[in-house]
Amino acid sequence: MNCRSEVLEVTVEARQVEEAMLSLLHTILLHRSSGKFHYKKEGTYSIGTVGTLDFDCDFIDFTFVRVSSEELDRVIRKAVSEFKDALSNSGSDGMGQISLEFYQKKKSRWPFSDECIPWEVWSIKVNVVNLANEQERQICREKVGEKLGEKVINVVEVINRHEYLPKMPTQSEVDNVFDTSLKDVQPYLYKITFQITDSLGTSVSTTMRRLIKDTLAL
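Residues numbered from 1 in each chain as written. Predicted model: local features only at pLDDT ≥ 70, side-chain atom pairs only at ≥ 80, totals over all residues. Heavy atoms only, no water.

An unreviewed UniProt entry lists the protein chain under the name Autophagy-related protein 101, with Zoarces viviparus as the source organism. Here is the UniProt Subcellular location (unreviewed entry) comment for the protein chain, exactly as written: "Preautophagosomal structure". UniProt, in the comment section headed Sequence similarities (unreviewed entry), describes the protein chain in these words: "Belongs to the ATG101 family." (UniProt positions renumbered as here; feature names shortened; annotations may be inferred.)

Laid out in structure tokens, this is it:
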């Protein structure tokens, strides 16, 4: 099986990292989750509904839709918080990447552990810049909101393509495809990882500053 790979890139100031990552990860998981499966007998099941809610960002002019599951939100927030802390500890300007990998399990014979086979990976590259004053921050707040809107549309377009998804499992195999640990939603099996780069490319920082200065000149 070929693993599908998608890359998104955003440039933000430090206080926007958490909300930017939450907006993108939640958007992807919204479209990669289903309601809980309720099996009546092997091969026959019904699927519950997925609740949603709107989330308004504090530091970005942006509102995104996420699954209403508080359990899922806590898991995502924990991963994003760890990424944000690692990014801030890398220096005043930083660059990092957080990845959301979807996989399915393939049972192995004893004594070997199950094999985890990725089928889709989303990598979000994050560039952190320092801004000089509140006026620049306000412009950045608006521009990042616009960019996130474009990224969300991109995510939806990619997900709506007719490409590989794990087939619906039987009751005995549902844990090989879905995370069934949450009480109100059932995302495909996934894991979130991140890595940090110590220095930020000057081209990225320069591009953001040029964007801000061009806006100030209008």
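A. Examining the sheet that holds strand β7 (residues 94-106) more closely. Spatially, β1-β8-β7-β10 is the arrangement adopted by the 4 strands of the open sheet, whose pairing is mixed. The open sheet has two edge strands with one neighbour each: β1 (4-13) and β10 (190-197). If you compare each strand with its neighbour and ignore which way they point, the axes differ by 20° on average. Alignment of β1 against strand β8 (residues 115-129), held across 10 bridges, turns out to be parallel. Directly across from E6, in β8, lies its bridge partner W122. Running at roughly 20° to β7, helix α1 (residues 17-31) makes contact with β1, β7, β8 and β10 of the sheet. Running at roughly 10° to β10, helix α2 (residues 70-88) makes contact with β7, β8 and β10 of the sheet. (Pairing = 2+ DSSP bridges. Helix = DSSP H or I, 4+ residues; strand = E, 2+ residues; numbered from the N terminus. Axes fitted to C-alpha atoms, helices over the stretch in contact; angles between N-to-C directions. Contact = heavy atoms within 4.5 Å.)

B. A look at the packing of aromatic side chains. Overall, the coordinates contain 10 aromatic pairs when judged by the stated rule. On the basis of an interplanar angle of 75° and a centroid distance of 5.1 Å, the ring pair of W119 and Y188 is categorised as edge-to-face. One end of the pair, W119, is in strand β8; the other, Y188, is in the loop between β9 (186-187) and β10, with 69 residues separating them in the sequence. Grouping residues by exposure puts W119 and Y188 together as buried. Here F178 and Y188 contribute two aromatic rings whose centre-to-centre distance is 4.6 Å and whose plane-to-plane angle is 20°, an arrangement assigned as stacked. Taken together, the residues span a long stretch of sequence, with F178 in the loop between α3 (134-159) and β9 and Y188 in the loop between β9 and β10 at a distance of 10 residues. Accessibility classification places F178 together with Y188 in one group, the buried group. An aromatic cluster of three or more residues is present, and its members are F37, Y39, Y45, F102, W119, Y164, F178 and Y188. (Phe/Tyr/Trp six-rings, centres within 6.5 Å; stacked < 30°, edge-to-face > 60°. Buried < 20%, exposed > 50% of the residue type's maximum accessible area, 1.4 Å probe, protein only.)

C. Representation of α1. Across its 15 residues, α1 extends 22 Å between first and last C-alpha, which sits within 8% of the 21 Å expected from 1.5 Å per residue. With 13 of its 15 residues buried, α1 lies for the most part within the structure. (Expected span 1.5 Å × (residues − 1).)

D. View of the nonpolar core. Counting 50 residues, the largest nonpolar core has M21, L100, F102, W122, I124 and V126 as the members making the most contacts within it. Ranked by residue count, the leading element in this core is α1, at 9 residues. Sequence-distant contacts of W122, defined by excluding residues within four places in its chain, comprise E6, L8, I28, I98, S99, L100, F102, V155, V158 and I159. (Core = buried A, V, L, I, M, F, W, Y, C linked by side-chain atoms within 4.5 Å.)

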